[in-house]
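Residues per chain, in single letters:
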Amino acid sequence: MTAPTPAAGAAAPNLTGKRRVAFASYVEENYLPGFLALLRSLALSNPGVCEDFVVLYDDLRPSSVAAIRRLHPRIVLRRVDDTRYEDFVKGDPENYLIRKAYFILDVFRIRDYDTVITLDTDMVVLGDISELLTLRHGLAAVPQFFHGQHKLNSGLLVIQREYLTDAFCARLDETGRSGRYELDKHDQGILNAVLDGDFVRLDPRFNFVKRRLSGDRPVPDDVAVLHFTGRHKPWNGGEEGYTLAEEAWQRHTMSESALAAAYMSQPGTKHPDLLLHFGRQHVERTGDVAAARQVASACVATGRYQEAVDILGGITLPARAAWPHEVLGTALMALSRYEEAEAHLLLATAGPKNAARSYGRLAQLAWTLNDDAAAHRHAAAGLAVEPVSRMCRILHERTRPDTGADEPAAEPSGRLSHVAFYMDRQGNAGDKLLPESVRLCFDGDTGPARWHSQHAHRFFDEAALDRVNAGRGLVVGGGGLFIPDTAPNGNSAWQWNVPDRNLERITVPLAVFAVGYNAFDGQSYRRERFTESLRLLVEKSAFFGLRNSGSVQRVRDLLPAGLRDRVLYQPCPTTVTRQLVPDWQDPAGRADTILLNCAYDRAGLRFGHDYGHFLDEMAKAVRALGEHAEVRCVAHALEDERIAFDLRREHGISLPVVPMYDWDGDAIRAEYARTRLVIGMRGHAGMIPFGCGTPIISLVSHPKMAYFLADIERPEWGVSVHERDLGALLTERALGILDDHATVVADVHGRQDLLWKVTQDNMAELRKTFGEAPA
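Caption draft 1: Region of interest: the pattern of salt bridges. Evaluated as defined, the whole model comprises 51 salt bridges. In this structure, the salt-bridge partner of K768 is E765, at a minimum N-O distance of 3.5 Å. Pair noted here: K768 and E765 are both in helix α31 (residues 741-770), with a separation of 3 residues, about one helical turn. Given the relative accessible area of 64%, K768 is considered exposed. Note on E765: relative accessible area 45%, which makes it partly exposed.

Caption draft 2: Seen up close, helix α18 (residues 462-469). Listing the buried residues of α18 in full gives A464, L465 and V468. The buried residues of α18 occupy an angular sector of 100 degrees when the element is viewed end-on, so they sit on one face. Turning to α18, the residues buried within the fold contact β11 (416-420), β12 (451-455), β13 (473-476) and α19 (500-504). One side-chain oxygen at the N-terminal end of α18 lies 3.3 Å from the backbone nitrogen of A463; it belongs to D461.

Caption draft 3: Spotlight on the nonpolar core. Counting residues in each nonpolar core, the largest one holds 117 residues, and the members touching the most others are F442, F482, W496, F614 and L699. Apart from residues lying up to four places away in sequence, L699 is in contact with L596, N597, C598, F614, M618, I679, G680, M681, V719, V721, L726 and L730. Core analysis: the next-biggest nonpolar cluster, separate from the first, contains 75 residues, I68, L119, L132 and L135 among them.

Caption draft 4: Seen up close, the packing of aromatic side chains. Inspection of the entire model under this criterion finds 23 aromatic pairs. Aromatic side chains W494 and W496 sit 6.1 Å apart centroid to centroid with 80 degrees between the ring planes, which places their arrangement in the edge-to-face category. With a relative accessible area of 2%, W494 lands in the buried category. Under the relative-accessibility criterion, W496 is labelled buried at 0%.

Caption draft 5: Molecular detail of the confidence of the model for the protein chain. Chain-level statistics for the protein chain give a pLDDT mean of 91 and a share of 92% at 70 or above. Here residues 1-13 scores under 50 on pLDDT; set against residues more than four positions off or in separate chains, the count is 23 contacts.

Caption draft 6: Fine view of the sheet that holds strand β23 (residues 718-720). In spatial order, the strands read β20-β19-β18-β21-β22-β23; together these 6 strands make up an open sheet with parallel pairing. This sheet does not close on itself; its edge strands, each paired only once, are β20 (657-659) and β23. Averaged over neighbouring strand pairs, the angle between their axes works out to 25 degrees when direction is ignored. Sheet topology places strand β21 (residues 677-680) next to strand β22 (residues 696-700); 3 bridges connect them, and they run parallel.

Caption draft 7: Region of the structure containing helix α11 (residues 305-313). Of the positions making up α11, those classed as buried are Y305, A308, V309, I311 and L312. Projected onto a plane normal to the axis of α11, the buried residues spread over an arc of 165 degrees and lie on a single side. Buried residues belonging to α11 abut α9 (272-286), α10 (289-301) and α12 (322-334).

Caption draft 8: Representation of unusual backbone geometry in the model. The omega angle of the peptide bond from G477 to G478 is -5 degrees, so this bond is cis rather than trans. Looking at the secondary structure, you find G478 in the loop between β13 and β14 (479-482). The backbone of Q426 sits at a positive phi, close to 65 degrees, despite the residue not being glycine. Turning to its location among the elements, Q426 is positioned in the loop between β11 and α17 (429-442). The exposure class of Q426 is buried, given its relative accessible area of 16%. Despite not being glycine, D583 has its phi angle at roughly 60 degrees, a positive value. Of note, D583 is situated in the loop between α23 (577-580) and β18 (593-597).

Caption draft 9: Fine view of the packing of α10 against α12. Where α10 meets α12, the axes come as close as 9 Å, and the angle between the chain directions of the two elements is 30 degrees. Regarding the angle of α10 to α12, the classification is roughly parallel. In this structure, the crossing between α10 and α12 has a hand that is left-handed. Here V289, R293, A296, S297 and V300 of α10 lie close against α12, whose contacting residues are W323, P324, V327, T330 and A331.

Caption draft 10: Here's a closer look at the sheet that holds strand β9 (residues 208-209). The sheet built from 3 strands is open, its strands ordered β5-β10-β9 with mixed pairing. In the strand order of this sheet, the two ends are held by β5 (123-125) and β9, each with one partner.

Caption draft 11: Examining the environment of H150 more closely. Positionally, H150 belongs in the loop between β6 (139-143) and β7 (152-160). Separated by 42 residues in the primary sequence, H150 and N192 have C-alpha atoms spaced 8.4 Å apart. Residues within four places of H150 in sequence aside, it is in contact with N192, D196, G197, F199 and R201. Here D196 takes part through its side chain, which lies 3.2 Å from a polar atom of the side chain of H150.

Caption draft 12: A look at the side chain of D58. Along the chain, D58 turns up in the loop between β2 (52-57) and α2 (62-69). A polar side-chain atom of D58 sits 2.6 Å from a polar atom in the side chain of Y26.

What counts and what doesn't
Residues numbered from 1 in each chain as written. Predicted model: local features only at pLDDT ≥ 70, side-chain atom pairs only at ≥ 80, totals over all residues. Heavy atoms only, no water. Salt bridge = Lys/Arg side-chain N within 4 Å of Asp/Glu carboxyl O. Helix = DSSP H or I, 4+ residues; strand = E, 2+ residues; numbered from the N terminus. Buried < 20%, exposed > 50% of the residue type's maximum accessible area, 1.4 Å probe, protein only. Arc of directions from axis to C-beta. Contact = heavy atoms within 4.5 Å. Polar contact = N/O pair within 3.5 Å; in protein donor to acceptor, adjacent residues only side chain to side chain. Core = buried A, V, L, I, M, F, W, Y, C linked by side-chain atoms within 4.5 Å. Phe/Tyr/Trp six-rings, centres within 6.5 Å; stacked < 30°, edge-to-face > 60°. pLDDT = per-residue confidence, 0-100. Pairing = 2+ DSSP bridges. Axes fitted to C-alpha atoms, helices over the stretch in contact; angles between N-to-C directions. Parallel < 35°, antiparallel > 145°, perpendicular 65-115°, else oblique. Left-handed = near helix turned anticlockwise from the far one by under 90°.

The following block contains the structure:
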């Protein structure tokens, strides 16, 4: 099971099935004013929506392209073939309406997206269009108001993947050349001829044609998209009888500075890309502290910590303005500029609304710097302000004077040091098991007599270095430590907070063991710092094993050629639990249960626009599977209980909750071993039950799930959370497993044997590296 070496610079595939959505318009110079108004209206009416916007064009000046880019951060330019439709133009190549009608058909030649939403350049968006982003089936449009329900009105189309094909384009071209359509309707004529009424009907508010407002009727409040059909456009003089409609368009002809100010004043959630796009220029121009805090918060949320510091550091922050100081302090912490961070966080505690969170950050900072006493004081101060602060409660408990003193008087030279993520009580159940599982690969004794614990998130200072070098070796792992936004730091840009200078001074053998490259689709690292730390880590390591072949490929791709072969495959030890746990016994019988786990951390990266669809489909599956076994919600973390709340609220389905975040390792393993099937979204909601010999189906929302299933050569044990027919497919696969349960259990055991063989081979080498532990 050797991972292949990827080509340098190879892009990671879309392993989760996450839908890629884009807007598209055909833009020509004469209609540029309309398109710019459309972009402004889209940002102001839907401040939380920012997808790629494909601009189809055949003749745009560079200044026009620059004007377009200033209004949207994700413009994708695509030149159309201006000769393809020469025969269709009928000798009138200057007629823009005809040219546009044919060129917009090039949207069906787009192959980079799963859903494309077309918007005409004579439209303005006035209301919420998020419903369009959730559509999953067919080709959707508003029926023609003046020609009956059989025909669609062009301008706004929601096109799904099955129409973005060469075959459908060939049908459009053949129909266009044949002339078997209404000549005066152009693109809708061709589409109507091909579709023959077979399209999904949208509410008229999504393509509300201007003619419905003749006689100066007001625009109805529920109109989401207003379409200025006809030859008379608001930017070239307009048309009598449509004053109120054209006023709606004129509201979106503001300057760029006015647009930025208007966007920043919008209520509700704003998309980080739009917030950065408009907010940075607004802050630079005005020095607005509230706006700077919004923009910096978006930077922090997307891992752009230096940008956050630059934005807030570029203006004067009033000492009493607590919130921006809290954001700046958080960003400075993430860059490991700890003294500056502490100063700003102390200022932030002066604000009543921010005090508890700021004290929590201060406690986290002090704990990171190995000062438990200071961390305990800050956490206590935070709890005095807000007794229910979870962050302060965790750190207050973690740094109690009577905790953490488990280091024995044993000779340190006989111990291995272990850098890992050590989970608190009520923390993630999977992460609780990881350190013990790693240690079981090396030694049946996982306690402090054999192991020195070094939390990955604590600064690896001189004292930590000395303790490690006093032992016989250092193990780093397991778990997804290569991730940019869990306990970010500027020393390594991954979870182990180790500066290069101290990493270089480690003198004992170092093994990286079963670590995962844990970036979500669409998530990135501060590449330069991470890559430098990674290169040094590989150079220093006597063994460098990653927990799936996908991680091996991604990390090899970041390394110089001479280091790539040193990156090996080492499965997560939780996947071979049956082989590791002393005196393990497979269950004599199993409970008639199915355990369901769903994860909600980084929900936007997991679900995109599809959470409503996912919940509806899960309701179908839970109802169907409930007829065959009791379905229970298994929560690895507190937020995992949300699936039970949402199913109850939206669908009237009640699931008992299994709170694994409160359990110890033995209880977690026992529960997973005695159930019949686990349907899990978290990585360890698949790997732990698999390691216990229990069949699994993974709800794939992260590449690591697909990586694991590929390694065990069972991709059919995974279903994307974005799958159109998720409920039916999940039910079918689950019932197939239940109906042939003994065979599937045997298959799980067989797959596990392959992983165990890899682990045994690796451990044979590691025992040579570290030597045998003294008795």
